[in-house]
Amino acid sequence: NTTDYSKSDSLLSEEDFMKNFIGIFIFLLLVNVLVPVAYSKIYSVIPIEESKLSEKQQNPTNTSEEKVSLYDTQTNSLIELSLEDYLIGAAACEMPALYEENAIKAQMIAIHSYYLYCKENPESLEKGYIEINEKSLKGYASQARLMEFWQMDYYDYYSKFKRCANEVIDKILVYENKPAMAVYHAVSCGKTADSNDIWGRSLPYLISVDSTYDQVSDNYLKIKEIDKSTMFSLLSIKYPNIKLNEDNPDEWFGNVIYTDSGYASYVEIGGDMVPAGQIRDILGLQSTCLMVFYEEDTFSIATKGYGHGVGLSQYGANRMSAQGKSYTEILQHYYPGTTIEKI
């Protein structure tokens, strides 16, 4: 009997051991499966729970399957991504995340239209493709880069931009049955610029329109100061044939020729007329709506607006949206004569 009991005790211990082993195994398995899932739910760069979206929201049209090709200046290579990712990542680089949704939707339609325009006219771009640089948030940023940029606000902001993209992913601006060259800028000088005045190319839908809202933007008026010696070096390097009298710096800049919209087209330097766009680039100014002053060995250059001034004013679009305007009304205002069409 003793032997029988001892065998029985031994068998019970082995069974208990197996049960405990199996229990521990199952527990560890669940931990290894559930914890990463929970972690990904919280921290994943895909912030929206797809199962909660309607089928239309997840894939509003076949357009979402369209691929976009961009030139990455960091790797000097082409990258390919989905249209949805592009609209979200590009709009996030162009507009503050706190902007109104109708402004963001208008921006996305402009981005999509401009991409298709460039695709049909690759000669208009230096590399034949739109250039991006994620590090500097130029042109496009991936979800991972946006998570790094937005940090704690990432989930809310990404959800907002994704929602906007889902609504307008199949819409573009069209002029005479072709995608419009829907260019844009941050802030105008109170009016947008005519493309002919800026680039010497006239397009019926890129004309000067009112954008009074821009006058209350923090970026509307800026003053940049440059000392006399620095200004002399900058101008002499760019224009070696223009003679500047070092004893009379107040005479270096002369008349400024302005367009009807208020942007400068030419600036007189040392008696020669030079394109205002060149002056903007040389001096690192925000726009070509400029005035130059000289006092006590220092040049003060006042500028109004931010960007080339042509097409959509992003700040103006945001203010229009805040006033209850739809993205259709915003686009029709800044690109007169165009229509929004589904593709």
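Residues numbered from 1 in each chain as written. Predicted model: local features only at pLDDT ≥ 70, side-chain atom pairs only at ≥ 80, totals over all residues. Heavy atoms only, no water.

Caption draft 1: Expanded view of empty space enclosed by the protein. Tallied over the entire structure, the rule returns one cavity of 30 Å³ or more. Roughly 40 Å³ of internal volume is contained in the largest cavity. Forming the walls of the largest cavity are Asp-85, Ile-88, Gly-89, Tyr-140, Ala-141, Ser-142, Gln-143, Leu-146 and Tyr-158. Breaking the lining of the largest cavity down by element, the ones donating at least two residues are helix H3 (83-94) and helix H5 (143-150). Residue contributions to the lining of the largest cavity peak at three residues, all from H3. (1 Å grid on protein atoms, 1.4 Å probe; cavity = no way out; pocket = protein on both sides within 12 Å on 5 of 7 lines; lining within 4 Å. Points joined across faces, edges and corners; volume = space filled by probe spheres on them. Helix = DSSP H or I, 4+ residues; strand = E, 2+ residues; numbered from the N terminus.)

Caption draft 2: View of the packing of helix H4 (residues 101-120) against helix H11 (residues 327-334). Axis separation between H4 and H11 bottoms out at 8 Å; the angle between their running directions is 55°. Taken together, the axes of H4 and H11 lie oblique to each other. H11 is crossed by H4, and the crossing has right-handed handedness. For the pair formed by H4 and H11, the contact residues are Asn-102, Ala-103, Lys-105, Ala-106 and Ile-109 on the first element and Tyr-327, Ile-330 and Leu-331 on the second. (Axes fitted to C-alpha atoms, helices over the stretch in contact; angles between N-to-C directions. Parallel < 35°, antiparallel > 145°, perpendicular 65-115°, else oblique. Left-handed = near helix turned anticlockwise from the far one by under 90°. Contact = heavy atoms within 4.5 Å.)

Caption draft 3: Focus on the packing of H5 against helix H6 (residues 154-168). In the contact formed by H5 and H6, the axes pass within 9 Å of each other and the chain directions differ by 130°. With respect to H6, the element H5 is oriented oblique. Handedness of the crossing formed by H5 with H6: right-handed. Here H5 contributes Gln-143, Leu-146, Met-147 and Trp-150 to the contact with H6, which in turn contributes Tyr-154, Tyr-157, Tyr-158 and Phe-161. Residues belonging to the contact of H5 with H6 are distributed by class as follows: seven nonpolar, one polar and no charged. (Nonpolar A, V, L, I, M, F, W, Y, C, P; charged D, E, K, R; others polar.)

So far we have only geometry, and geometry alone does not tell us how the molecule works.
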